[in-house]
Amino acid sequence: MGKVIKKKKLKLLPFFILVIAIAVIVFACLLILDTKVENIIIEGNDILTDDEIISLAGLSDYPSFYKTLSKTMENKIKDNPLIKSVSVNKDFYHIVNINVEEYQIIYKREDNGKYVLENKNEITLDKELPYLVPRLINEIPSDKMDSFIKYYLRIDLGIREKISEIKYDPNEYDKDRFLLYMDDGNSVYLTITRFERLNYYNDVLPQLEGRKGILYLDSGNHFQIME
């Protein structure tokens, strides 16, 4: 008699359980990956609005928190010429933190209406600025520009907002001299390396007793009353 071969029954239940477990895990991972950004916190912006930065970062539709990479968002935001630096970090509860530093606007050119940034780039803006920017009524020589910006930025923003116009105004003794027209009707002569003296402008005003004139801070420290 031949041998009787017993057929082994396949245990299908454990196999189906494994397949279902894998499917559940994959489904759960897809759900997690599709979890949207819940909140966006933006700091450091003055000129660009929160909505503009959100749009730059590609977060307008609150996309997937996990699929949207921090580096990708940083690179998109950096494309804006006003952005000096940016840092994007993700936090618990699907929060995106964006911290930006903007280039400061130095002045607006009177000849073409463009704004000049601290990195010397020129941009066009059709929006209201959060702080007042003076007009440059003539041209600053290229070899003076770096020094001008360096020392100009040492003037407090509150004082800079009092400057309505800037004029490069050298004479035979001082090729670094500028004339600043203030919004209160006074004028100030300054040489580049003495721009920081303008921080004391508010302290000088009470001594003028309401009189208008020209303050010479380029080669001295005196005030000439207007006739």
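Residues numbered from 1 in each chain as written. Predicted model: local features only at pLDDT ≥ 70, side-chain atom pairs only at ≥ 80, totals over all residues. Heavy atoms only, no water.

Enquirer: Honestly, the environment of tyrosine 151 in this entry has me stumped. Any pointers?
Expert: Take tyrosine 151: it is sitting in helix H4 (residues 142-152). What tyrosine 151 contacts, discounting residues up to four positions off in sequence, is Ile192, Thr193 and Phe195. (Helix = DSSP H or I, 4+ residues; strand = E, 2+ residues; numbered from the N terminus. Contact = heavy atoms within 4.5 Å.)

Enquirer: What's the story with the nonpolar core in this structure? I'm lost.
Expert: One broad trend across soluble globular proteins is that nonpolar side chains are buried collectively. Ranked by internal contacts, the top residues of the largest apolar core, which has 28 residues, are Leu59, Ile77, Val96, Ile98, Ile105 and Leu125. When residues of this core are traced back to their parent elements, those giving at least two are strand E1 (39-43), helix H2 (50-57), helix H3 (70-78), strand E2 (83-91), strand E3 (95-102) and strand E5 (115-117). For isoleucine 77, the contacting residues outside a window of four places in its chain are Ile53, Leu56, Ala57, Ile83, Val86, Val88, Ile98 and Val100. Ile140, Tyr152, Met182 and Leu198 belong to the second-largest nonpolar core, a separate cluster that totals 26 residues. (Core = buried A, V, L, I, M, F, W, Y, C linked by side-chain atoms within 4.5 Å. Buried < 20%, exposed > 50% of the residue type's maximum accessible area, 1.4 Å probe, protein only.)

Enquirer: I keep staring at the pattern of salt bridges and nothing clicks. Help me out?
Expert: Between side chains of opposite charge, a pair can form when the charged atoms approach closely. Counted by the stated rule, this structure contains 12 salt bridges. The partner of aspartate 111 in a salt bridge is arginine 109, and the shortest N-O contact between them spans 2.5 Å. Residues joined in a network through salt bridges with shared partners are Arg109, Asp111, Glu122 and Glu139. (Salt bridge = Lys/Arg side-chain N within 4 Å of Asp/Glu carboxyl O.)

Enquirer: Which parts of the structure should I look at to understand the sheet that holds E1?
Expert: Hydrogen bonds between backbone atoms are what pair the strands of a sheet, whose relative direction is either parallel or antiparallel. As summarised here, the arrangement of the 3 strands in space is E1-E3-E2, forming an open sheet in which the pairing is mixed. Strand pairing shows two members of the sheet lacking a second neighbour, E1 and E2, which therefore form its edges. Within this sheet the neighbouring strands show an average axis-to-axis angle of 15°, counted without direction. Together, E2 and E3 form the strand contacts of H3, whose direction differs from that of E2 by roughly 155°. (Pairing = 2+ DSSP bridges. Axes fitted to C-alpha atoms, helices over the stretch in contact; angles between N-to-C directions.)

Enquirer: What is the right way to read empty space enclosed by the protein from this model?
Expert: Empty pockets left among the atoms are what a rolling probe the size of a water molecule brings to light. One pass over the structure, following the stated rule, counts 1 cavity of 30 Å³ or more. In this structure, the largest cavity encloses a volume near 40 Å³. What lines the largest cavity is Ile105, Ile106, Tyr131, Leu132, Val133, Pro134, Tyr152, Leu157 and Arg160. Mapped onto the lining of the largest cavity, the elements with two or more residues apiece are strand E4 (105-109) and helix H5 (157-160). (1 Å grid on protein atoms, 1.4 Å probe; cavity = no way out; pocket = protein on both sides within 12 Å on 5 of 7 lines; lining within 4 Å. Points joined across faces, edges and corners; volume = space filled by probe spheres on them.)

Enquirer: Sorry, what's going on with the packing of aromatic side chains here?
Expert: To describe a pair of aromatic rings, one takes the distance between the centres and the angle between the planes. Considering all chains together, one arrives at 9 aromatic pairs under this definition. Aromatic side chains phenylalanine 178 and phenylalanine 195 sit 5.7 Å apart centroid to centroid with 75° between the ring planes, which places their arrangement in the edge-to-face category. Of this pair, phenylalanine 178 sits in strand E9 (residues 177-182) while phenylalanine 195 is found in the loop between strand E10 (187-191) and helix H6 (201-208), placing the two residues 17 residues apart along the sequence. Considered together, phenylalanine 178 and phenylalanine 195 belong to a single accessibility category, that of buried residues. Among the aromatic residues, those joined into a cluster by ring pairs are Tyr107, Phe148, Tyr152, Tyr168, Phe178 and Phe195. The ring of phenylalanine 65 has lysine 90 lying over it, and the distance from NZ or CZ to the ring centre is 5.0 Å. (Phe/Tyr/Trp six-rings, centres within 6.5 Å; stacked < 30°, edge-to-face > 60°. Lys NZ or Arg CZ within 6 Å of the ring centre and 35° of its normal.)

Enquirer: Quick question: what am I supposed to make of the pairing of strand E8 (residues 163-168) here?
Expert: Within a regular beta strand, the side chains point alternately toward one face of the sheet and then the other, so they alternate between its two faces. Looking at chain direction, strand E7 (residues 135-136) and E8 are connected through 2 bridges and run parallel. Looking at E8, one finds that leucine 136 is bridged to isoleucine 166. The pairing of E8 with E9 spans 5 bridges and is antiparallel. Pairing of lysine 167 across the sheet is with leucine 179, part of E9.

Enquirer: How should I be thinking about the side chain of aspartate 174 in this particular structure?
Expert: Structurally, aspartate 174 can be placed in the loop between E8 and E9. One buried charge, aspartate 174, has no salt-bridge partner; the nearest side chain with opposite charge is arginine 177, at 5.8 Å. A distance of 2.9 Å separates polar atoms of two side chains, one belonging to aspartate 174 and the other to threonine 191. In this structure aspartate 174 touches Thr191 and Asp218, once residues within four positions along its chain are discounted. (Lys, Arg positive; Asp, Glu negative; His and termini not counted. Polar contact = N/O pair within 3.5 Å; in protein donor to acceptor, adjacent residues only side chain to side chain.)

Enquirer: What am I meant to see in the side chain of arginine 177 here?
Expert: For arginine 177, the position within the fold is in strand E9. For arginine 177, a relative accessible area of 11% corresponds to the buried category. Not counting residues up to four positions away in its chain, the partners in contact with arginine 177 are Tyr168, Asp169, Pro170, Asn171, Tyr189, Leu190, Thr191 and Asp218.

Enquirer: Explain the pairing of E2 to me, please; I cannot follow it from the model alone.
Expert: In terms of strand pairing, E2 meets E3 through 8 bridges, oriented antiparallel. Counterpart to lysine 90 in the pairing with E3 is valine 96.

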